[in-house]
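# Structural description and commentary
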Amino acid sequence: MSYWLSSIRKRCVVLFDRIFPPPTTLWQHLQQNLIIGMLVVLLITIFQNTEFVHKHRELSLDWLMKMYSGTATIEDRAAFPFVFYDIDEKTHEAWGEPLFVPRQKLASLITVALQQQPSVLVIDVELLHASSEDTELQKVLNTHATLEGPTTLIFVRGFKKASDTDKPYLTARDSFLDKILPQTSRQVWASPLFELDPDGQIRRWKFWQSACSSAGKPTTVPSVQLAALAILSGPAARQALDNMVAEITPSNCHLAPRTSNHPLPLGSQIFSIATDVFGQRVFFSLPWQLAKDETRPEIRFNGQNIRLLNIVPARAVTEGGMRPEFPLGHVAVIGASHQDARDTHATPLGSMPGSLILINAIHSLVQHGQIHSPPLWVQLPTAALLLIAVSFVFIKFPSLKGAIISLLGTLIVLAPASLYLFRYGIWLDFALPLIAIKLFQIAMQYHRQHMDRKGLQT
Amino acid sequence: MKSSMQKCIGLLVVALMMEQAFAQDAGWVDSIDGEMTSVTLVRHGQINLPIHPYATLRAGDQLLIRHDKTAVVLATADGKSHRVVANQSPYTVTISGSAPSIPGNVFKWVSRLFSSDDKQSDTRTLSARSVSFSKELGVPYPAQHSQRISSGQRSVYISWTGGLPPYQVRIIDESTGKPVFESREIRFGWIGTPPIDLNEGSYRLIIEDSAGARNQRIVEVLPPSLLPIMSEGDSLRVLPESTARIIEASWLASVENRQWVLEAQQRLHKLSATETTAQTVLKQIEQIKIE
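Time to look at the packing of helix 4 (residues 241-254) of chain B against helix 5 (residues 261-271) of chain B. All names here are of chain B. One way to put it is that helix 4 packs onto helix 5 with a least axis distance of 8 Å and a crossing angle of 155°. On the basis of their axis angle, the class for helix 4 and helix 5 is roughly antiparallel. For the pair helix 4 and helix 5, the crossing hand works out as left-handed. Counting all contacts with helix 4, which are made through Ser-242, Arg-245, Ile-246, Glu-248, Ala-249, Leu-252 and Ala-253, the residues of helix 5 involved are Val-261, Glu-263, Ala-264, Arg-267, Leu-268 and Leu-271. Class assignment of the residues belonging to the contact of helix 4 with helix 5 gives a composition of 8 nonpolar, 1 polar and 4 charged.

Moving on: the state of the cysteines. All names here are of chain A. Going through the model one piece at a time under the given rule, you end up with 1 disulfide over all chains. With a sulfur-sulfur separation of 1.7 Å, Cys-212 is cross-linked through a disulfide to Cys-253. Taken together, the positions of Cys-212 in strand 9 (residues 208-212) and Cys-253 in the loop between helix 9 (235-248) and strand 11 (264-266) put the pair 41 residues apart, joining distant regions of the chain. Of the two residues, Cys-212 and Cys-253, neither departs from the other in class, the shared state being buried.

Bringing the interface of chain A and chain B into the picture now. Each partner contributes to the interface: chain A provides 56 residues, whereas chain B provides 49 residues. Buried area between chain A and chain B, summed over both chains or domains, comes out near 4700 Å², and the portion from carbon and sulfur atoms is 55%. Contact with chain B buries surface across chain A, with Thr295(A), Arg307(A) and Arg342(A) losing the most and accounting together for 16% of the total. In this assembly, chain A and chain B are joined by 3 salt bridges. The salt bridge partner of Asp30(B) is Lys90(A), with a shortest N-O separation of 3.3 Å. The tally of links from chain A across to chain B stands at 11 residue pairs in polar contact (both at pLDDT 80 or more). Of all the secondary structure elements, the ones that give two or more residues to the side of chain A that touches chain B are helix 3 (51-68), helix 4 (89-94), strand 14 (304-307), strand 15 (309-313), helix 10 (314-318) and strand 18 (350-353) of chain A. Considering every element that reaches the side of chain A that touches chain B, the biggest residue donor is strand 15 of chain A, with 5 residues. Taken together, the residues that form the side of chain A that touches chain B break down as 23 nonpolar, 15 polar and 18 charged.

As a further point, take the pattern of salt bridges. In this structure the tally under the stated criterion is 23 salt bridges over all chains. Among the ionic pairs, Lys108(B) bridges to Glu294(A), the shortest N-O distance being 2.7 Å. Within this pair, whereas Lys108(B) is found in helix 2 (residues 102-113), its partner Glu294(A) is found in the loop between strand 12 (269-271) and strand 13 (298-301), the two belonging to separate chains. Look at Lys108(B) and you get partly exposed, because its relative accessible area is 30%. When salt bridges that share partners are traced, they join Glu58(A), Asp62(A), Asp197(A), Arg203(A), Arg204(A) and Arg281(A) into one network.

Moving on, we come to helix 2 (residues 26-46) of chain A. Taking 1.5 Å per residue, 21 residues should reach 30 Å; helix 2 of chain A reaches 30 Å between its end C-alpha atoms and fits that length. Among all positions of helix 2 of chain A, only Leu30(A), Gln32(A), Asn33(A), Ile36(A), Gly37(A), Val40(A), Val41(A) and Ile44(A) are buried.

Scanning all chains against the criterion turns up 11 aromatic pairs over all chains. A ring pair is formed by Phe155(A) and Trp189(A), whose centres lie 4.9 Å apart and whose planes are at 35°; its orientation type is tilted. Within this pair, whereas Phe155(A) is found in strand 3 (residues 152-156), its partner Trp189(A) is found in strand 6 (residues 187-190), the two being separated by 34 residues in sequence. Accessibility expressed as a relative area gives 1% for Phe155(A), which makes it buried. Centre to centre, the rings of Trp205(A) and Phe207(A) are 4.6 Å apart; their planes meet at 55°, and the pair counts as tilted. The exposure class assigned to Trp205(A) is buried, which follows from its relative accessible area of 1%. Note on Phe207(A): relative accessible area 6%, which makes it buried. Ring-pair connections join several aromatic residues into one group, and the members of that group are Trp205(A), Phe207(A), Trp208(A) and Phe271(A). Lying over the aromatic face of Trp190(B), Arg342(A) brings its terminal NZ or CZ to 5.4 Å of the ring centre.

Criteria and thresholds
- Residues numbered from 1 in each chain as written.
- Chains lettered and ligands numbered in written order.
- Predicted model: local features only at pLDDT ≥ 70, side-chain atom pairs only at ≥ 80, totals over all residues.
- Heavy atoms only, no water.
- Axes fitted to C-alpha atoms, helices over the stretch in contact; angles between N-to-C directions.
- Helix = DSSP H or I, 4+ residues; strand = E, 2+ residues; numbered from the N terminus.
- Parallel < 35°, antiparallel > 145°, perpendicular 65-115°, else oblique.
- Left-handed = near helix turned anticlockwise from the far one by under 90°.
- Contact = heavy atoms within 4.5 Å.
- Nonpolar A, V, L, I, M, F, W, Y, C, P; charged D, E, K, R; others polar.
- Disulfide = S-S within 2.5 Å.
- Buried < 20%, exposed > 50% of the residue type's maximum accessible area, 1.4 Å probe, protein only.
- Buried area = accessible area lost by both parts, 1.4 Å probe.
- Salt bridge = Lys/Arg side-chain N within 4 Å of Asp/Glu carboxyl O.
- Polar contact = N/O pair within 3.5 Å; in protein donor to acceptor, adjacent residues only side chain to side chain.
- Expected span 1.5 Å × (residues − 1).
- Phe/Tyr/Trp six-rings, centres within 6.5 Å; stacked < 30°, edge-to-face > 60°.
- Lys NZ or Arg CZ within 6 Å of the ring centre and 35° of its normal.

As structure tokens, this is what we get:
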């Protein structure tokens, strides 16, 4: 056995020496370095879905988002100001720490929010069961459903695991409002669910949630952010989303969801539902907490300057009678950040309440759409050019110096380019080239040692 | 001289107010501690405007606080608040601070790489959201005995009290020494893991806070057949199913030297999505003091 292994090894060394004879000219050096480099690029392309490479690509995206944290929006792209009516810790205390949001308080919050005429009002509050104090809430919602107005309400649908285990879907939970409210396009239900990564962080949004209704019928519930974008983009976008939902919903609850190759145009953004895992990353840019010297960025909206994100404590509205003014057409969300709500989640920008994740996701879709990498014809020549540059560095500075200079050089060139392109939703992935260069360095070190040994032998 | 310096400090340090063109609201009075009558608002030279909690403020407004023991807490839509006391009076509401920029974020990131007190600055920012950061880090699982939980692929809900956020939680398989779950940067005193394969055997649950305090417990994962059986279980059948399950879970938390608290928590946490009573019972179990 060991004889065979040793024989194979010797043959490999002979083949290696034939391909890589000791270089004597600069051109030979460069040629050999490029061959090794391109082999490394090929290997990484083949193994790009392995855990190691995937993890580093995720981390590079996390880093880019941290650099964009709290910064201003892209001026030539659409942007909407957000108002978060926050049931915060003090509000929760002021309301007597109830286990669920009191319906009368919710009715009051919705009334005040509607007076400001937002385009979309997301009610990120549990509305499963009826309570003894629903009268006011029903009245507010019924009035909204029957009267004309600029605001579309988005309620969040609850889901649970199916008790019938042979169904591949979650069960969409009924709300007491289902039977009470009239059917109108100005009140829609959406899914608040996101993908949860193995490290417990939320990084990716979902197009929709396939589910079974309690009556056993298949249903596809669009995500809050997609529904919001469709509403903000106008009737054509809403129709496109409805068509797509109808297309992918299976005929019964035992079948897998259908797929679609059609693009989904929503306003100026075009979505592909067959995107890779990185295409569905939420571009988080609104952190929950700011440093002492920081404020929220402003955007120009309907000819006025306004903060991108306004956080209004719910108690200021319900207890204090405060009526802050916001421009028509903004996006409002009613949700909770207090600890007992248990709706705080880890994201690349740190922990944040679920409602702020929804806001980040809507803002991400409005501004950037789906994140996409540059085409392969851009990526491969970029990698080749980088490797040529790194080869020169290695020829000039062998050993550790070359390794440090090439890594730093790559970072200095790629990081700013990546930061610039990222604002347009283009992800110039610098993790892959860095891994490539690291592997290239290891290969070069081995190659050099082998050449040195050969030199000593001859 | 003193008064103008105080004004300057107020202007420079407080990153409270931002200008809005459509409405001049720059923030609001969050609360008034002390005598409300001793606080006066001056706007465009007009004095004695009504001031009360949640009154909105504009850039350029002045607050006069005449009573030494009175303070006004101001808040902004940035989610920040600031306390103004009598010796800062007259206090001018102003705009300062700016939105982060990409070069600024890069600079901060690079500075943190070379900074030794990164942890401290993090905890300062976060302490405002910690409910119980001043208390000692504690778990509701007795230290004398291991915890027990039934095996299978399941999400695990873990909770603790006190300590200084952010927290770190690890579940390590004792047979391999490898973590089956690990999460950092947890801000609150609980976490629900994604589904993990809990095979029978011993695991080590480690909870650490950012001040370095650590609490660890051995968790024995046992087959479901070894779960204690409630002798009065049959009598619960007359109750609604969810009520019976809550009672059963509370009983589980109290038996065998409280070794099944973790298992009881899993059941109550699941039920708490729909049952308010389950949430209350879960809270009670989590707040029991462990000697």
